[in-house]
Amino acid sequence: MSDNKNNALTVLGLGDMGSALTRSWLAAGYTVTVWNRSSRRAPEGAVVAATVADAVTANTLVVVCLLDDASVRATLDGVDLTGRDIVNLTTSTPAEARALAEWITARGGGFLDGGIMAVPSMIGAPDSGAYVFYSGSAQLHETHAETLAVPAGVNYVGTDAGFAALYDIALLSAMWGMFAGAAHAFALIGGEDISPIEFAPLMVAYQQAMAGYAYGTAAQLASGDYTKGVESNLAMMATTNDTLRRTALEQGVSPELLEPFMKLMERRVAEGGGNESTTGVVDLLRG
């Protein structure tokens, strides 16, 4: 077990994720002290603290899983954090995480930020694939690594406190793009005698086949040569945009989910990047 006193820790926040985290530690035999702003019922077996200060004082390791960065600051404001190891699992931006790290350490606490790559039902479930990005104090991560590995896998990405949030949001952004494409595809077939149930596995298989495209993009970004290994260049792909637009109109579907990316493709071609892959779009996004 970790070196926490009596294998104990504190959890601040009992939303769906905070409760799932708490249950996983309780199931593993930890003593968990909890606090929540509302009167939401705590998981069975948890020790309920009357105040935030009581909860923080109870244990060295304090896991925070609240609504947003502002709620974390409001909750911990005025609380003595001397000697406490604060692990923030609240979704935030990289800049917010870095600023919070300074705010916590200035008050005598250690800081580790986390980005949870899972939904509550995956927490504590064997082989669910759930994991958490962590960044910040390497010493704090090493000290509590075994405890933090109880609810989900652990992926420590460095001492920069903002990196966990950056990895988290970058992957979520990629997911949103996938969701957008799926929504457009379902909309296209929606007015036809095509079963979405039968169509779904075709979509999933195709998305999985195309997912490896990211490796090529990564290699091109690393080398700086956006034409290396290109099979379908950007100029050719951009010519397909008109067909995508016309098909959407024929099906009575708005192309607005696709338009931003298609316009970036066309802009890159106009600027001379027609022989590249779509990697050049990354440069456009970065200004």
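These figures come from a predicted structure and were not determined experimentally. (Residues numbered from 1 in each chain as written. Predicted model: local features only at pLDDT ≥ 70, side-chain atom pairs only at ≥ 80, totals over all residues. Heavy atoms only, no water.)

## Some words on the sheet that holds strand β4 (residues 61-64)
Selection rule: A pair of strands counts as paired when DSSP detects no fewer than two bridges linking them. A run of H or I in DSSP counts as a helix once it spans at least four residues, and a run of E counts as a strand once it spans at least two, with each numbered from the N terminus. Whether two residues are in contact is decided by their heavy atoms, any of which lying within 4.5 Å being enough. Think of each axis as a best-fit line through the C-alpha atoms, taken over the contacting stretch in the case of a helix, with angles from 0 to 180 degrees between the N-to-C directions.
A sheet is described by the order of its strands in space; here eight strands give the open sequence β3-β2-β1-β4-β5-β6-β7-β8, paired in mixed fashion. Every other strand in the sheet has two partners, leaving β3 (47-48) and β8 (153-156) as the edge strands with one partner each. In this structure, strand β5 (residues 85-88) lies alongside strand β6 (residues 110-117), joined through four bridges in parallel fashion. Within the sheet, the bridge partner assigned to V87 lies in β6 and is L112. Contacting β5 and β6, helix α4 (residues 94-105) crosses the sheet at an angle of about 150 degrees to β6.

## A look at the packing of aromatic side chains
Here is the rule: Ring geometry is summarised as follows: Phe, Tyr and Trp rings, the Trp one being its six-membered ring, pair when their centres sit within 6.5 Å, and such pairs are stacked at plane angles under 30 degrees, edge-to-face over 60 and tilted between the two. Only protein chains enter the calculation, and the probe is 1.4 Å; a residue is then buried if its accessible area is under 20% of its type maximum, exposed if over 50%, and partly exposed in between.
Following the criterion strictly, the structure yields four aromatic pairs and no others. When the ring of F133 is compared with that of Y167, the centres are 5.1 Å apart and the planes differ by 45 degrees; the resulting orientation is tilted. You can see F133 sitting in strand β7 (residues 131-136) and its partner Y167 sitting in helix α6 (residues 163-189), a full 34 residues away along the chain. By relative accessible area, F133 is classed as buried at 3%. Ring geometry for F186 and F199: centres 6.0 Å apart, planes at 70 degrees, overall edge-to-face. Taken together, the residues span a long stretch of sequence, with F186 in helix α6 and F199 in helix α7 (residues 196-211) at a distance of 13 residues. The partly exposed category is assigned to F186, whose relative accessible area is 32%. The partly exposed category is assigned to F199, whose relative accessible area is 21%.

## Thoughts on the UniProt feature "domain: NADPH-dependent reductive aminase-like C-terminal" (unreviewed entry) in the chain
Applied cut-off: UniProt positions are given in the numbering used here, feature names are shortened, and annotations may be inferred rather than shown by experiment.
As annotated by UniProt and renumbered to match this structure, "domain: NADPH-dependent reductive aminase-like C-terminal" (unreviewed entry) occupies residues 160-286. Along residues 160-286, the helical share is 72% and the strand share 0%, with 21 Å between the first and last C-alpha atoms.

## Some words on the pairing of strand β1 (residues 8-12)
Applied cut-off: By convention, orient the strands away from the viewer: a clockwise path from the first strand over the helix to the second makes the crossover right-handed.
Most of β1 is tucked away: five of the five residues are buried. In β1, alternate side chains face the same way, and those of A8, T10 and L12 on one face and L9 and V11 on the other are all buried. Looking at chain direction, β1 and strand β2 (residues 31-35) are connected through five bridges and run parallel. Residue pairing for β2: V11 is matched across the bridge by V34. On the question of chirality, the crossover connecting β1 to the parallel β2 by way of helix α1 (residues 16-27) is right-handed. Pairing of β1 with β4, which is carried by three bridges, proceeds in the parallel orientation. Residue T10 lies in a different strand from β4, and its bridge partner there is V62.

## Topic: the layout of surface pockets
In plain terms, the rule: Using a 1 Å grid laid over the protein atoms alone, points where a 1.4 Å probe fits but cannot get out form a cavity; open sets with protein on both sides within 12 Å along at least 5 of 7 lines form a pocket; any residue with an atom within 4 Å of a point counts as lining. Grid points are joined across faces, edges and corners, and a volume is the space filled by probe spheres set on the points. Side-chain classes are defined by residue name, with Ala, Val, Leu, Ile, Met, Phe, Trp, Tyr, Cys and Pro counting as nonpolar, Asp, Glu, Lys and Arg as charged, and the others, Gly among them, as polar.
For the largest pocket, the calculated volume is near 2300 Å³. Forming the boundary of the largest pocket are 44 residues, of which G177, M178, M210, Y213 and F261 lie nearest the centre. Mapped onto the lining of the largest pocket, the elements with two or more residues apiece are α6, α7, α8 (213-223), α9 (234-250), α10 (259-273) and α11 (280-285). Among the residues forming the lining of the largest pocket, the class breakdown is 30 nonpolar, 13 polar and one charged. Volume-wise, the second largest pocket comes out at about 430 Å³. Among the residues making up the lining of the second largest pocket, the classes are represented as 10 nonpolar, 11 polar and three charged.

## Describing the UniProt feature "domain: 6-phosphogluconate dehydrogenase NADP-binding" (unreviewed entry) in the chain
As annotated in UniProt, the feature "domain: 6-phosphogluconate dehydrogenase NADP-binding" (unreviewed entry) corresponds to residues 10-149 in the numbering used here. End C-alpha atoms of residues 10-149 are separated by 16 Å, and the span's content is 36% helix alongside 23% strand.

## Section: the packing of α6 against α7
Defined as follows: By definition, any crossing whose near helix is turned counterclockwise from its far helix by less than a right angle is left-handed, and any crossing with a clockwise turn is right-handed.
Closest axis-to-axis distance for the α6/α7 pair is 11 Å, and the angle between their directions is 145 degrees. The hand of the α6/α7 crossing is right-handed. Residues M178, A182, A185, F186 and I189 of α6 pack against P196, F199, A200, M203 and Q207 of α7. Its residues assigned to classes, the contact of α6 with α7 comprises nine nonpolar, one polar and no charged.

## What about helix α3 (residues 69-76)?
Selection rule: Arc definition: it is the arc formed by the directions from the helix axis to the C-beta atoms.
Looking at α3, one finds that the buried residues are D69, S71, V72, T75 and L76. The buried side chains of α3 occupy one side of the element, clustering within an arc of 165 degrees when seen end-on. Exposed side chains of α3 directed beyond 90 degrees from the buried face belong to A70 and A74. Close packing links the buried residues of α3 with β1, β2, α2 (52-58), β4, β5 and α4. Directly after α3, the chain includes G78, whose backbone phi takes a positive value near 85 degrees.

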